[in-house]
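One-letter residues, chain by chain:
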Amino acid sequence: MAGKGWLFVALTCVFELVWVYGFNVASAWWHWIPIIAVILVDFQWLARACETLPTGTVYAVFAAVGTVGAALMDIFLFGGSFSVAKGAFMALLVAGVIALKLADGKEADTAGATGKEG
């Protein structure tokens, strides 16, 4: 069942990037209608992912993908600049999410080994 949760995480990450892109290109009031629809669907999928996966992990992945994705969109689509510091902090963010996921796995293993539920 966790596989389905990760599918929702992937969908919510893709849709997050769609609405962030929409924020940058919306130029008329009616452009906001599909953006709001995408946001509503996105948060529904975010909630569905949290049904089967740890909420902290889901949100960390969601936030990291959004942050790194928005920074990369700024660089590649909107003429933003890249710096070594920007790249280093994006890498640090990704490393933090990976470390959080690994820490979640270790807590579950420890709880299972001691017979305690967490």
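Residues numbered from 1 in each chain as written. Predicted model: local features only at pLDDT ≥ 70, side-chain atom pairs only at ≥ 80, totals over all residues. Heavy atoms only, no water.

A. Summary view of the overall build of the chain. Along the backbone of the chain there are four helices and zero strands. For the chain, the succession of helices and strands along the chain, N to C, is α-α-α-α. Per-residue burial over the chain gives 27% buried out of 118 residues. Long-range contacts, defined here as pairs at least 24 residues apart, represent 68% of the contacts in the chain between residues at least 6 apart. Only carbon and sulfur atoms are counted for the fraction: they give 72% of the accessible area of the chain, which is about 7500 Å². (Helix = DSSP H or I, 4+ residues; strand = E, 2+ residues; numbered from the N terminus. Buried < 20%, exposed > 50% of the residue type's maximum accessible area, 1.4 Å probe, protein only. Contact = heavy atoms within 4.5 Å. Areas by Shrake-Rupley, 256 points an atom, 1.4 Å probe, with all protein chains shown as cover.)

B. Looking closely at a nonpolar patch on the surface. Together, Tyr21, Val25, Leu72, Phe76, Leu77 and Phe78 give the surface a local cluster of nonpolar side chains, amounting to about 560 Å² of exposed area. When residues of the nonpolar patch are traced back to their parent elements, those giving at least two are helix H1 (2-25) and helix H3 (55-76). Looking at where Val25 falls in the secondary structure, it is placed in helix H1. (Patch = residues over 30% accessible without salt bridge, like charges linked within 9 Å, V, L, I, M, F, W, Y side chains within 5 Å. Salt bridge = Lys/Arg side-chain N within 4 Å of Asp/Glu carboxyl O.)

Such coordinate-based values are descriptive only and should not be taken to indicate function.
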